[in-house]
Amino acid sequence: MVNPSSSSASTTTSVSGSLQLIDVYNFDAMNPYFPETKAAGTTVEITFGDEGVTPKYALGYWSIRGLGAPLTMMLCAAKVPFTLFLYDIHEKGEGGGWKSDYFTEKPFYVKEYDAPLFNLPFCADRENKMVISQTNAIFSHLGRACGMLGNDVPSTSNCEQLLCELYDLRNIIVKFSYGDAMKNPEDVLTMAKKHFVRLEAWLEQEAKIASTKATKEDKEELTEDKENSNGGLVKINENVEEITEKLENVTTEKAEESAETESTDVVHLVNGSFTAPDFHLFEMLDQYEAFSRTYLLGSALDAYPRLKAFKEGFAALEENQFYLKSWLHTELPFNSLMAKFGSLPGPKTYVYGKSTEKVTWMSKGFVKMSP
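Quick caveat, the model's predicted, so the values are computed rather than measured. Residue numbers run consecutively from 1 along every chain, following the written order of its sequence. Reporting of local features is limited, given that this is a predicted model, to residues whose pLDDT is at least 70; pairs of side-chain atoms are given and counted only at 80 or more, and all residues count toward the totals for whole chains, interfaces and linings. Side-chain descriptors were evaluated using all non-hydrogen atoms of the structure, hydrogens and water having been removed beforehand.

*Asks:* Help me understand the packing of helix α1 (residues 68-77) against helix α3 (residues 135-146) in this model?
*Replies:* How two helices pack is summed up by the angle between their axes together with the distance between the axes. Two elements in contact, α1 and α3, have axes whose closest approach is 11 Å; the angle formed by their N-to-C orientations is 5°. Between α1 and α3, the angle is such that the two are roughly parallel. Contact residues: α1 offers Pro-70, Leu-71, Met-74 and Leu-75, while α3 offers Ile-138, Phe-139, Leu-142, Gly-143 and Cys-146. Any residue outside Ala, Val, Leu, Ile, Met, Phe, Trp, Tyr, Cys, Pro, Asp, Glu, Lys and Arg is labelled polar, Gly included; the first ten of those are nonpolar and the last four are charged. Of the residues belonging to the contact of α1 with α3, the class tally is eight nonpolar, one polar and no charged. To define axes, lines are fitted to C-alpha atoms, for helices over the stretch in contact only, and angles between the resulting N-to-C directions are given on a 0 to 180 degree scale. By definition, any uninterrupted DSSP run of H or I lasting at least four residues is a helix, any uninterrupted run of E lasting at least two residues is a strand, and each is numbered from the N terminus. When an angle is under 35 degrees it counts as roughly parallel; over 145 it counts as roughly antiparallel; between 65 and 115 it counts as roughly perpendicular; any other value is oblique. Contacts were defined at the residue level, with two residues in contact if any of their heavy atoms lie within 4.5 Å.

*Asks:* Help me out: how do you make sense of helix α8 (residues 276-294) in this one?
*Replies:* Multiplying 1.5 Å by the residue count of a helix minus one yields the expected span of that helix. Along its 19 residues, α8 runs 28 Å from first to last C-alpha, staying within 8% of the 27 Å computed at 1.5 Å per residue. Of all 19 residues in α8, 17 are buried, a share of seventy percent or more. Phi turns positive one or two residues past the end of α8, at Leu-296, with a value near 55°. Note on classification: 1.4 Å probe, protein chains only; a residue is buried when its accessible area is under 20% of the maximum for its type, exposed when over 50%, partly exposed between these limits.

*Asks:* How should I be thinking about the pairing of strand β5 (residues 82-87) in this particular structure?
*Replies:* The side chains of a regular strand alternate, residue by residue, between the two faces of the sheet. Of all six residues in β5, six are buried; the element is thus mostly enclosed. Burial along β5 is two-sided: the face carrying Phe-82, Leu-84 and Leu-86 and the face carrying Thr-83, Phe-85 and Tyr-87 are both buried. Both strand β3 (residues 42-46) and β5 contribute to a ladder of five bridges, which runs antiparallel. Bridging from a neighbouring strand, Val-44 pairs with Leu-84 of β5. Following DSSP output, two strands are said to pair if at least two bridges run between them. As judged from the six bridges shared by strand β4 (residues 57-62) and β5, these two strands associate in the parallel manner. When the bridges of β5 are listed, Leu-59 appears paired with Leu-84. By convention, orient the strands away from the viewer: a clockwise path from the first strand over the helix to the second makes the crossover right-handed. In this view, the connection linking β4 to its parallel neighbour β5 by way of α1 has right-handed handedness.

*Asks:* I'm lost on the packing of aromatic side chains in this one. Help?
*Replies:* Note on aromatic pairs: each is described by the distance of the centres and the angle between the planes. Aromatic pairing here means that ring centres of Phe, Tyr or Trp (its six-membered ring) are within 6.5 Å. Orientation follows from the plane angle: under 30 degrees is stacked, over 60 is edge-to-face, and everything else is tilted. All chains considered together, the criterion is met by 31 aromatic pairs. With a centroid separation of 6.3 Å and 45° between ring planes, the pair formed by Tyr-295 and Phe-341 is classed as tilted. Of this pair, Tyr-295 sits in the loop between α8 and α9 (305-316) while Phe-341 sits in the loop between α11 (327-330) and β12 (365-369), placing them 46 residues apart in sequence. Tyr-295 gets classed as partly exposed once you look at its relative accessible area, which sits at 25%. Ring centres of Phe-310 and Phe-314 lie 5.3 Å apart, and the angle between their planes is 10°; on these two criteria the pair is classed as stacked. In this pair, Phe-310 and Phe-314 both sit in helix α9, four residues apart, roughly one turn of the helix. Residue classification places Phe-310 among the buried positions, given a relative accessible area of 0%. By way of ring pairs, the aromatic residues Tyr-33, Phe-34, Trp-62, Phe-85, Tyr-87, Tyr-102, Phe-103, Phe-108, Tyr-109, Tyr-113, Phe-118 and Phe-122 are connected into one cluster. Placement of a charge over a ring requires the Lys NZ or Arg CZ to be within 6 Å of the ring centre, with the centre-to-atom vector within 35 degrees of the ring normal. In this structure, Lys-340 is placed above the aromatic ring of Phe-176, and the distance from its NZ or CZ to the ring centre is 4.5 Å. Against the face of Trp-327 rests Lys-364, its NZ or CZ located 4.9 Å from the ring centre.

*Asks:* Help me understand the side chain of Gln-287, please; the structure alone is not making it clear to me.
*Replies:* Structurally, Gln-287 can be placed in helix α8. Judged by its relative accessible area of 1%, Gln-287 is buried. In this structure, Gln-287 is in contact with Gly-66, Arg-170, Ile-173, Phe-334 and Phe-341, ignoring residues within four places of it in sequence.

*Asks:* Explain the nonpolar core to me, please; I cannot follow it from the model alone.
*Replies:* Nonpolar side chains in soluble globular proteins generally cluster together in the buried interior. Nonpolar cores are built from buried Ala, Val, Leu, Ile, Met, Phe, Trp, Tyr and Cys residues. Side-chain atoms within 4.5 Å join them into one set. Grouped together as the largest cluster of nonpolar side chains are 76 residues, with contacts concentrated most on Ile-46, Leu-59, Tyr-288, Leu-307 and Leu-328. For this core, the leading source of residues is α8, giving nine residues. If you look at the next biggest cluster of nonpolar residues, it comprises 21 residues, including Trp-62, Leu-67, Ala-115 and Phe-118.

Quick look at the structure:
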């Protein structure tokens, strides 16, 4: 148990086999910044064994999966405690339209927290006393905090460009769900195709990098000292040139190289470890597959084996089980009530004036969650 009055505390979490020290309590926990919001229908306190401690971070979003899901999933995978504010939206009633306590309180947030860019989603960093808006800015901020934004300049830049690519992919399905300009479901998959092709090529490239690295490690092992049955050391220098030459020939043959790459599983987008874009890609693939099923368009991923394998492999990772088995993933709909796709779990579509009894995920009050 971490003392809430302590000025410095940290937690250690394992991400893809490497231990990372994440400082999650180094702030004034007795007087936390952005401690609560009455406008949220549900406040979820997600802890990892440190009950009674105010988390350093708070996320705010609509009471749907949407943009909030991959951010929530990332913090859960990193085992970083956080508060999640979910804002409900309801029918106005006679005359039509929508209402939300969030719309009433937003001017207060802007003024109280000196946040002229305030919007959903938002992240409240209670240590640095700041509010971050804009999805990719939040991904970057929390990615750095979780050690999930690359470990050098190239890998960080790769994370950033992938986040932008994925937002473009998201905008296609959002345009269909909330607008009238795109009415044909087939057009959604047509427009998404170029992004799928790019991301499939990216994963193929990552597979080649992983395959090359594995082959190099195998070759290095051949030249290491090995203990013989008597406990002595036998230096493998006999025929080493011949063995090395054979290995080099095998790895340079196109067919063999292709087979090796094809068998390499890729469940991460950058350097074989968890990064922020992993979570957004998983959420978008999940949405596009559900979209295809809903409109009887087959599987969105059949033509993209790398993307399909990524989704299945990423979902199976131990770090993701807490979130994927929680009601935040299984009960929240993809989109808000006014959307023509995914406005009810299933996904099904909400009908104004007729589906209110089906809205069971809102207004839960205060909820505690922990593995």
